[in-house]
Amino acid sequence: MPRLKGLDEFETPDFVGRMARVERRRKLLWWGLMLTAVAVGGAIGWFLF
């Protein structure tokens, strides 16, 4: 029977850091798209008037 590991022996799984990176990338992409949309809208408004 395997013994239980203590907290100092615990190894975090690979997906823990990966999910944080995916979430950070998703937020960065979202804000990038929003800033691009605002910039394009501003440029269209600038050239029309």
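These figures come from a predicted structure and were not determined experimentally.

*Asks:* I keep staring at the overall build of the chain and nothing clicks. Help me out?
*Replies:* Along its length, the chain carries one helix and zero strands. For the chain, the spread of C-alpha atoms along the principal axes amounts to about 75 × 15 × 10 Å. Counting only residues that meet the buried cut, the chain has 0% of its 49 residues in that class. Here the chain displays about 5300 Å² of accessible surface, and carbon together with sulfur accounts for 71% of that area. The distance from the centre of the 8 positive side-chain charges to the centre of the 5 negative ones in the chain is 10 Å.

The rules behind each value
Residues numbered from 1 in each chain as written. Predicted model: local features only at pLDDT ≥ 70, side-chain atom pairs only at ≥ 80, totals over all residues. Heavy atoms only, no water. Helix = DSSP H or I, 4+ residues; strand = E, 2+ residues; numbered from the N terminus. Buried < 20%, exposed > 50% of the residue type's maximum accessible area, 1.4 Å probe, protein only. Areas by Shrake-Rupley, 256 points an atom, 1.4 Å probe, with all protein chains shown as cover. Lys, Arg positive; Asp, Glu negative; His and termini not counted. Charge placed at Lys NZ, Arg CZ, Asp CG, Glu CD.

Geometric descriptors of this kind do not, in isolation, establish any biological role.
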